Amino acid sequence: MIKVLFFAGVKEQIGQDFIELDDRGWTVGQLKHHLLEKYPQAAESLANVMVSVNEEFADDGTKLHENDQVAIIPPVSGG
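Residues numbered from 1 in each chain as written. Predicted model: local features only at pLDDT ≥ 70, side-chain atom pairs only at ≥ 80, totals over all residues. Heavy atoms only, no water.

Student: What's the story with the sheet that holds strand β4 (residues 56–58) in this structure? I'm lost.
Tutor: Reading across the sheet, the 5 strands line up as β2-β1-β5-β3-β4 and stay open at both edges, with mixed pairing between neighbours. Taken across any chain shown, the strands that pair with only one partner, and hence form the sheet edges, are β2 (18–21) and β4. Here the average twist between neighbouring strands, direction ignored, is 30°. Across 4 bridges, the pairing between strand β1 (residues 2–6) and β2 is antiparallel. (Pairing = 2+ DSSP bridges. Helix = DSSP H or I, 4+ residues; strand = E, 2+ residues; numbered from the N terminus. Axes fitted to C-alpha atoms, helices over the stretch in contact; angles between N-to-C directions.)

Student: Explain the packing of aromatic side chains to me, please; I cannot follow it from the model alone.
Tutor: Two numbers describe a pair of aromatic rings. These are the distance of the centres and the angle of the planes. Using the criterion set out here, one finds 1 aromatic pair in the structure. With a centroid separation of 6.3 Å and 75° between ring planes, the pair formed by F6 and Y39 is classed as edge-to-face. Taken together, the positions of F6 in strand β1 and Y39 in the loop between α2 (28–38) and α3 (43–46) put the pair 33 residues apart, joining distant regions of the chain. Given a relative accessible area of 6%, Y39 falls into the buried group. We note K3 situated over the ring of F18; from NZ or CZ to the ring centre the distance is 4.4 Å. (Phe/Tyr/Trp six-rings, centres within 6.5 Å; stacked < 30°, edge-to-face > 60°. Buried < 20%, exposed > 50% of the residue type's maximum accessible area, 1.4 Å probe, protein only. Lys NZ or Arg CZ within 6 Å of the ring centre and 35° of its normal.)

Student: Looking at this model, I keep getting lost on unusual backbone geometry. Mind explaining?
Tutor: Both trends apply: most residues other than glycine have a negative phi, and most peptide bonds are in trans. Even without being a glycine, E55 presents a positive backbone phi close to 70°. Inspection of the secondary structure assignment puts E55 in the loop between β3 (50–53) and β4. One non-glycine residue with positive phi stands out, namely N67, at about 75°. Relative to the assigned elements, N67 resides in the loop between β4 and β5 (69–73). The exposure class assigned to N67 is exposed, which follows from its relative accessible area of 63%.

Student: So what exactly am I meant to see when it comes to the environment of V53 here?
Tutor: Within the element layout of this structure, V53 appears in strand β3. Taking the C-alpha atoms as reference points, V53 and K3, 50 residues apart in sequence, are found 9.8 Å from one another. Not counting the four nearest positions on each side in its chain, V53 is found in contact with V28, A58, T62, L64, D68, Q69 and V70. (Contact = heavy atoms within 4.5 Å.)

Written as structure tokens, this is what we have:
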């Protein structure tokens, strides 16, 4: 299983703190594409997120593995 954690606006739009997915040999980019298809209501927020895998920032080409923890982090604004 891969645990995907959601924060801030993404969490509110999806309505869950996290989901668990079977390891499908995806990259971060493929996971993001899956999330966009599954949660179209969060498309605007998901388009601009940063992603960490096991508490290290990851790019779209990062390969996911069994037992990874993925955090979906939306941009932070404020001043």
